[in-house]
Amino acid sequence: MTTTPLQPRITDIGPPAYDKYLPPVIRKNYGAWKYHEKLAPGVLCHVAESGDRLYTVRAGTPRLLSIQTLRRFADLADKYCDGYLRFTSRNNIEFLLEDATQIEPLKRELVTLGIPVGGMNNAISNIVHTQGWVHCHAAATDASGLVKSVMDALIDHFTQEDLPAKLRIAVACCLNMCGAVHCSDIAILGVHRRPPKVQSEMLKKACEVPTLIASCPTGAIRPVPGVGGKQSVEVIEEQCMYCGNCFSVCPAMRMADAENDGLSIWVGGKVSNARTAPRFSRLAIPYLPNHPPRWPEVVDAVVKIVDVYRGEARKYERVGEWIDRIGWPRFFELTGFEFTRYHIDDFKHAGMNFARSAHVRH
Ligand code: SF4
Ligand code: SF4
């Protein structure tokens, strides 16, 4: 018998060196930039100590991209930027130009292709989001569908810088909170509203019971004998707050429920240290239904927050800073959202939690 020799395995090589793909003007002026200025919505100019100028045109992307779309981006970069481009930390794309006369033709071509230019400064930039029903087993809602629906309604705030300050929106499809929902001006978060259904038959084969019990933040899971005397667990339902953490570690704790899963809306988080300290987002709406494909209730709620904030906040005030100034009662009054018992923090199980909760405290 002949055996094919194994190919040598290439491993632990890390990403390419960070400077390998830098445009020449950035390589030349690295660490020697003097200032930058805004030329138009979505267009920046960086000026180096050498006098060199770098023009950046930022455009929105849906994040979930086909190879065809990436090739189209690469073609545009070849045509206008000597083949250089970059993606931002909010999954926008930036084209980096040295020739200012190419800015307008590039913008025209992007807009013709349906790719909006903007997302800088006092605008709504891309929505940081997660996998949703496209790829994750834990999702209580979708991500891409929600993001498309919300951005369609807010697109004018992406292409124009017409807000008091930058406004960051994030989506996460379960409260694992992959991404930035816990620290965004507006956050949309998938929630369950029913305890897990324990599938005893599968549990013993698929799960490590001590890990499963330890995964519950409220101690709601306890061991019981299952079918045929095999080990299983039960959930003390009045102690469960439907976080889904047990399902993350054990697929026999089914959480998804088409009728009762939905969304919550959170406001006022930020990560920067400008003016005030970073802060967590706090609960604004405990539950809205999952209504794909356009989630009208969620879109209306987000547009409402943006409109009220835009009308009421002072220049440079982020959503959380604005709410600090006017107070939560006024926030609920202005938005018309109902203040409920679900807004009051009752999570006692984490030592530092009381001072740092993302909920409203009264
Ligand atoms: S937030 Fe939850 S459902 Fe969404 S990608 Fe992360 S783990 Fe999956
Ligand atoms: S959903 Fe959360 S609170 Fe409920 S049993 Fe599972 S881990 Fe515990």
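Calculation rules
Residues numbered from 1 in each chain as written. Chains lettered and ligands numbered in written order. Predicted model: local features only at pLDDT ≥ 70, side-chain atom pairs only at ≥ 80, totals over all residues. Heavy atoms only, no water. Salt bridge = Lys/Arg side-chain N within 4 Å of Asp/Glu carboxyl O. Near = heavy atom within 4 Å. Nonpolar A, V, L, I, M, F, W, Y, C, P; charged D, E, K, R; others polar. Pairing = 2+ DSSP bridges. Helix = DSSP H or I, 4+ residues; strand = E, 2+ residues; numbered from the N terminus. Axes fitted to C-alpha atoms, helices over the stretch in contact; angles between N-to-C directions. 1 Å grid on protein atoms, 1.4 Å probe; cavity = no way out; pocket = protein on both sides within 12 Å on 5 of 7 lines; lining within 4 Å. Points joined across faces, edges and corners; volume = space filled by probe spheres on them. Domains from an automatic or database assignment. Patch = residues over 30% accessible without salt bridge, like charges linked within 9 Å, V, L, I, M, F, W, Y side chains within 5 Å. Areas by Shrake-Rupley, 256 points an atom, 1.4 Å probe, with all protein chains shown as cover. Lys, Arg positive; Asp, Glu negative; His and termini not counted. Charge placed at Lys NZ, Arg CZ, Asp CG, Glu CD. Buried < 20%, exposed > 50% of the residue type's maximum accessible area, 1.4 Å probe, protein only. Polar contact = N/O pair within 3.5 Å; in protein donor to acceptor, adjacent residues only side chain to side chain. Contact = heavy atoms within 4.5 Å.

Undergrad: Would you mind going over the pattern of salt bridges in detail, with residue names and values included?
TA: Applying the stated criterion across every chain, the model contains 17 salt bridges. When salt bridges that share partners are traced, they join Arg58, Arg86 and Glu94 into one network.

Undergrad: Give me the site of ligand 1: which residues, what numbers.
TA: For ligand 1, the full set of nearby residues is Thr130, Gln131, Cys136, Ala138, Ala139, Cys173, Cys174, Asn176 and Cys178. Each residue belonging to the shell around ligand 1 can be placed in one class, and the counts come to six nonpolar, three polar and no charged.

Undergrad: Got a sec to walk through the sheet that holds strand β2 (residues 43–48)? Specific residues and values, please.
TA: On the basis of which strands lie adjacent, the open sheet formed by five strands has the order β1-β2-β3-β5-β4 and antiparallel pairing. Where the open sheet ends on each side, the last strands, each with one partner, are β1 (33–40) and β4 (85–87). In this sheet, adjacent strand axes meet at a mean angle of 25° when their direction is disregarded. Strand direction decides the pairing type here: β4 and strand β5 (residues 93–97), joined by three bridges, are antiparallel. From the neighbouring strand, Leu85 faces β5, where its bridge partner is Phe95.

Undergrad: Describe in detail empty space enclosed by the protein, supporting the description with residues and values.
TA: Empty space among the atoms becomes visible once a probe the size of a water molecule is rolled across them. Following the criterion strictly, the structure yields two cavities of 30 Å³ or more and no others. Looking at the largest cavity, it is lined by 14 residues, and the ones nearest its centre are Cys216, Cys240, Tyr242, Cys243 and Cys246. Looking at side-chain class alone, the lining of the largest cavity contains twelve nonpolar, two polar and no charged residues. Volume-wise, the second largest cavity comes out at about 40 Å³. Taken together, Ala138, Cys174, Asn176, His192, Cys243, Gly244, Phe247, Ser248 and Met255 make up the lining of the second largest cavity. For the lining of the second largest cavity, the class distribution of residues is five nonpolar, four polar and no charged. Two domains each donate at least three residues to the lining of the second largest cavity, and these are domain 2 (124–193 + 258–343) and domain 3 (197–254).

Undergrad: Please set out a negative patch on the surface residue by residue, giving values where relevant.
TA: Taken together, the side chains of Asp75, Asp78, Asp82, Glu98 and Asp99 make up a negatively charged region of the molecular surface. Of note, Asp99 is situated in the loop between β5 and α3 (103–112). The partly exposed category is assigned to Asp99, whose relative accessible area is 37%.

Undergrad: How would you summarise the side chain of Asp261 if you had to cite specific residues and measurements?
TA: On the secondary structure map, Asp261 appears in the loop between β11 (253–254) and β12 (262–267). Within the structure, the side chain of Asp261 is placed 2.9 Å from the side chain of His192, a separation counted as a polar contact. Apart from the residues lying within four places of it in its own chain, the contact partners of Asp261 are Ala140, Val191, His192, Arg193, Met255, Ala256, Tyr287 and Asn290.

Undergrad: So what about the sheet that holds strand β6 (residues 169–172)? Which residues, and what values?
TA: Whether parallel or antiparallel, the strands of a sheet pair through hydrogen bonds between backbone atoms. The four strands are arranged β6-β7-β12-β13 in an open sheet whose pairing can be described as mixed. Looking at strand neighbours, the two that pair on one side only are β6 and β13 (282–289), the edges of this open sheet. Averaged over all pairs of adjacent strands, the angle between their axes in this sheet comes to 20°, without regard to strand direction. Here five bridges tie β12 to β13, and the two strands are oriented antiparallel to one another. By the bridge assignment, Trp266 is partnered in β13 with Leu283.

Undergrad: How would you sum up unusual backbone geometry? Please name residues and give values.
TA: That bond from Pro292 to Pro293 is cis: its omega, 10°, falls within 30 degrees of zero. Tracing the sequence through the fold places Pro293 in the loop between β13 and α8 (296–312). A positive phi angle is found at Tyr242, which is not glycine, with a value near 65°. Here Tyr316, not a glycine, exhibits a phi torsion of approximately 75°, which is positive.

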